[in-house]
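One-letter residues, chain by chain:
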Amino acid sequence: MSIASRYKKIWVLLCAAGLLVACGQQNDRNGNKVTVNPPPGTSAEQPALPVGVDKSPMDMSYYPENFPVLKMQGKAGQQPVARVVYSRPQKHGRTVFGNLVEYGKPWRLGANEATEIEFFRKVTIQQKKVPAGRYVAYCIPYPDKWIVKLNSDLYTWGLKIDSTRDQFAFEIPVAKTIYPYEYFTMQFQSAEAGIELAMMWDSVKAVLPIQ
Amino acid sequence: MKRLAAIVFFLATFIPPSEAQFKIPALDKSPMDMSYYPAEYPVLKVQNKISEPLLARVVYSRPQKNGRRVFGELVEYGQIWRLGANEATEIELYRDCRVNGEKLKKGRYTLYAIPQPGTWTIIFNKETDSWGAFLYDPKKDVLRTDIKTEKMEEVAEVFSMAFTKSDDGVNLVIVWDDVKAAIPFNF
């Protein structure tokens, strides 16, 4: 066997391996079973332990970003400024906005338990003073804007939010992203004038500025 | 030819298709979860089925066994353990209570354990919003109490915590691998 043909063989093998890797990733992305909105109701009959992992797993984002890690490294103060605890549904090949999430209707900005934002000190959002404390956050999406609401009815499930307990409403514009976000993502980050809470899913990004 | 093979190898190995240009924020390997007492409080609330007040909540991350032996190996005996993964495990008590008979004020705490075969020392610490147990400072302990653990026949793949009703109060049941522990609370 000549050296050239041996390399040709290796080359073909590597291409095949590359394709396999690509297919594997494709499967991973589209073959997942996803329950975006598991209806409340059957949970009481489920065994208490051991329990499976949620299909829309929970996550947490702090400001300063990665506060617990910074704190561990001795690079952060005692108290964070803000924290959001939310669950992360997945796009799973669907059109999210205007379809899975309907325009003009309350959307829980997540999945499962209602999304919870905590401010560890008072902040200002769109010239409104928001006292320190814990709020449920939800949103009414439109094609060109989101109305983000902070509500005082805590420890609830995201599907039923008591709008009579809305404390604040903020209208923010939405932007299109170049690439779709598979997972709904919320992230506090630094901005020119303070902080922003960035929210991304599918091809939509909305940013709530906070001072 | 050698160079071409090297380049192809590099491309096939290191550049995932279509993701090279931008970063998708990944899901955590040990996903976070939340457990309330009363169990499923948020669901009961939207169903108007609440019969008991909200007493406690734990927010924790869920590592997986993945074929490893957990206690005595992955989680070492006698060492501080974060009872979870990633962000430190947070327990919030909405009323003053007793934990294993000892008084504890309502509030938000970080929960740790020091496991031993058959016994865990459970620790409530006031340093919150922390990561793992790397910063653990015993001076910030609010309460330490020992509880017995039991062996389970079934193996729990995923580290799990859930509040359940007990004869005279509430247990925070913790399971992973073949070990089960319960922290008793009285509110």
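This text goes with the structure placed above it.
Fair warning: this is a prediction, and the values are worked out from it, not measured in the lab.

Draft legend 1. A look at the overall build of chain B. When its secondary structure is counted, chain B shows 2 helices and 9 strands. Out of the 187 residues in chain B, the part that is buried amounts to 37%. Taking the intrachain contacts of chain B between residues at least 6 apart in sequence as the baseline, contacts between residues at least 24 apart amount to 56%.

Draft legend 2. Up close: the nonpolar core. Counting 79 residues, the largest nonpolar core has Ala137(A) and Ala56(B) as the members making the most contacts within it. Looking at which element gives the most residues to this core, the answer is strand E9 (residues 170-186) of chain B, with 9 residues. The residues contacting Ala56(B), other than those within four sequence positions of it, are Tyr37(B), Ile91(B), Glu92(B), Leu93(B), Tyr94(B), Phe163(B), Val170(B) and Phe185(B).

Draft legend 3. Region of the structure containing the pairing of strand E6 (residues 133-141) of chain A. All names here are of chain A. In the sheet, strand E3 (residues 116-119) pairs with E6 via 4 bridges, with the strands oriented antiparallel. Paired with isoleucine 117 across the two strands is tyrosine 135, which belongs to E6. The sheet contact formed by E6 and strand E7 (residues 145-151) spans 6 bridges and is antiparallel. Residue tyrosine 138 lies in a different strand from E7, and its bridge partner there is lysine 149. From the end of E6 to the start of E7, which pair antiparallel, there are 3 residues.

Draft legend 4. Inspection of unusual backbone geometry at higher detail. The omega torsion across Tyr63(A) and Pro64(A) is 0°, close enough to zero to call that bond cis. With respect to the helices, strands and loops of the structure, Pro64(A) is situated in the loop between strand E1 (58-63) and helix H2 (67-72). Between Tyr37(B) and Pro38(B) the backbone carries a cis peptide bond, its omega angle lying at 0°. Within the secondary structure layout, Pro38(B) lies in the loop between strand E1 (32-37) and helix H2 (41-46). Phi is positive for Asn66(A), which is not a glycine, with a value near 55°. Here Asn66(A) lies in the loop between E1 and H2. Look at Asp202(A): it is not a glycine, yet its phi comes out positive at around 50°. Positionally, Asp202(A) belongs in strand E9 (residues 194-210).

Draft legend 5. Structural view of the pairing of strand E8 (residues 141-165) of chain B. All names here are of chain B. When strand E7 (residues 119-125) meets E8, the two strands line up antiparallel, connected through 7 bridges. In the sheet register, threonine 119 faces E8, and the bridge partner there is lysine 148. As judged from the 10 bridges shared by E8 and E9, these two strands associate in the antiparallel manner. The residue of E9 that forms the bridge with threonine 149 is alanine 181.

The rules behind these values
Residues numbered from 1 in each chain as written. Chains lettered and ligands numbered in written order. Predicted model: local features only at pLDDT ≥ 70, side-chain atom pairs only at ≥ 80, totals over all residues. Helix = DSSP H or I, 4+ residues; strand = E, 2+ residues; numbered from the N terminus. Buried ≥ 20, exposed ≤ 12 C-beta atoms within 10 Å, placed from the backbone. Contact = placed C-beta atoms within 7 Å. Core = buried A, V, L, I, M, F, W, Y, C linked by C-beta atoms within 7 Å. Pairing = 2+ DSSP bridges.

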